[in-house]
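Residue-level structure breakdown
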There are 2 protein chains.
Amino acid sequence: MSEAISNLSRKEQVIRKAAELFKEKGYAAASMRDLAHLLGIEAASLYSHIKSKEEILRSLCFDMAAEFQKSLAEVESKNVTASEKLRNGIIGHIQVMAKDLTASAVFMNEHRHLSQPYLRDFLLMRINYINRFKSIIEQGVKSGEFKDSIDKKLAVMTLFSSLNWMPMWYDPGSAIDPLQLGLQLADMLVNGLKKNA
Amino acid sequence: MSEAISNLSRKEQVIRKAAELFKEKGYAAASMRDLAHLLGIEAASLYSHIKSKEEILRSLCFDMAAEFQKSLAEVESKNVTASEKLRNGIIGHIQVMAKDLTASAVFMNEHRHLSQPYLRDFLLMRINYINRFKSIIEQGVKSGEFKDSIDKKLAVMTLFSSLNWMPMWYDPGSAIDPLQLGLQLADMLVNGLKKNA
DNA sequence: CCTACCGATCGGTAGG
DNA sequence: CCTACCGATCGGTAGG
């Protein structure tokens, strides 16, 4: 029993350290020997904790994806205006990323190294997530809250670009905390979409 | 003479094809054998055109960097308001990227695989470029064109995130052309910064 | 642009 | 978690 628990937490140590390495060097350039060295063990020993290098990547990508889905589902369940919904969606997305900036960076930059059929599943989940944000924007256009002059695809991709690069530059030790960051980002993006500021 | 010209253009063929490959698989996961195969030659033959794999990456990254610098320098030379300057900067950045979406994607995603001292030089150029955009935003805050409530680092990083992800999703065959794209992006971002819309 | 090849490194396994 | 090791692949060179 305590052995199982200890194995689990050691596995998580491996995954967390791998996330740091993947973020820093990129998945393809990060070797299992690098990872083992960081953990103070031999490369072969990693395989008593994980099945393969890609299993680590899968676990990082799909765990993050699940968090994003959960956050968005809660946002959608509230009966509020489209601008409010969009704002909450942005704040939620930022909060999820802020909980694990390293995994978020890997999620964003390294998912393409997933093999099939995982890559396909991942991309389907992502397009679904993006489309749900697009729906919120479309609702806002219909309700008159947002300009109808702007291209919806451009709007939603700009939104995602802004959100997804955050883990690359945000310093968690900075004066601005994740909630403030989300609020300011939402303000900058939503007010840019609104008809009247 | 014609041999030199032919070598030059063959070298450029190699670099362009490499850009496509680097964009698709990532620099580290793209092998010189992949590249050779795409060109219909043997891997060893590549080395009569280029010195090394990294030379290709350097050429892609620094050529794009030079284009960005040139575009921004021209924007800065015009004596206009900060919002106009920012708008022109965004349009210029988008136009430069649109001229070579593949190289732009490599510039953005693969520059970290540059070795020293090239990586350092690259990052210094980038921070300089970003800081010049930041100055424009600061001018706009001082002149009262932009809100002073927003964090300047957040604003400029959001701006760059939006710009730099464009090569990942923009379809050059789409109805919206690069100039329209630049205008709409500038509208979405600048009006989000402006005090009064 | 090719054949032939090199040393280094890769992810991973066997067996303890 | 280790030693010992494997086949595959890597970027690149020699010599033509």
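Residues numbered from 1 in each chain as written. Chains lettered and ligands numbered in written order. Predicted model: local features only at pLDDT ≥ 70, side-chain atom pairs only at ≥ 80, totals over all residues. Heavy atoms only, no water.

When chain B is brought onto chain A, the operation consists of a screw motion whose angular component is 180 degrees and whose axial shift is 0.0 Å, with 0.0 Å RMSD remaining. Given the turn and translation reported, the copies of this chain are related as if by a two-fold rotation axis. A shared interface surface links the copies, since 100% of the contact residues of chain B are contact residues in chain A too. (Least-squares fit on C-alpha atoms with pLDDT ≥ 70 in both. Contact = heavy atoms within 4.5 Å.)

As a further point, take the protein's contact with DNA strand D. Around DNA strand D sit 15 residues, and of these Glu-42 and Ser-45 of chain A together with Met-32, Arg-33 and Lys-53 of chain B come closest. Backbone atoms, meaning sugar and phosphate, form 55% of the atoms of DNA strand D found within 4 Å of the protein. Contact between DNA strand D and Ser-31 of chain B: a phosphate oxygen at 3.4 Å from a side-chain N or O atom of the residue. A class-by-class count of the residues in the surface near DNA strand D yields six nonpolar, five polar and four charged. (Near = heavy atom within 4 Å. Polar contact = N/O pair within 3.5 Å; in protein donor to acceptor, adjacent residues only side chain to side chain. Nonpolar A, V, L, I, M, F, W, Y, C, P; charged D, E, K, R; others polar.)

By convention, interface size is frequently given as the accessible area that disappears when the constituent parts associate. Counting from both sides, the interface comprises 38 residues of chain B and, opposite them, 38 residues of chain A. Here chain B meets chain A over a buried area of about 3,200 Å², counting both sides, of which 62% is carbon and sulfur. For the chain B face of the interface with chain A, the top three residues by lost area are Trp-165, Trp-169 and Met-188 of chain B, together amounting to 25%. Counting every contact that joins chain B to chain A gives four salt bridges. When the shortest N-O distance is used, the salt bridge between Arg-112 of chain B and Glu-110 of chain A registers 2.7 Å. (Buried area = accessible area lost by both parts, 1.4 Å probe. Salt bridge = Lys/Arg side-chain N within 4 Å of Asp/Glu carboxyl O.)

Here we take up the pattern of salt bridges. Evaluation of the coordinates by the stated rule reveals 24 salt bridges over all chains. Glu-55 of chain A is the salt-bridge partner of Lys-51 of chain A, the closest N and O atoms lying 3.5 Å from each other. In this structure, Arg-58 of chain B and Glu-54 of chain B form a salt bridge, with 3.4 Å as the shortest nitrogen-oxygen distance. Of this pair, Arg-58 of chain B and Glu-54 of chain B both sit in helix α3 (residues 53–77), four residues apart, which is roughly one turn of the helix. (Helix = DSSP H or I, 4+ residues; strand = E, 2+ residues; numbered from the N terminus.)

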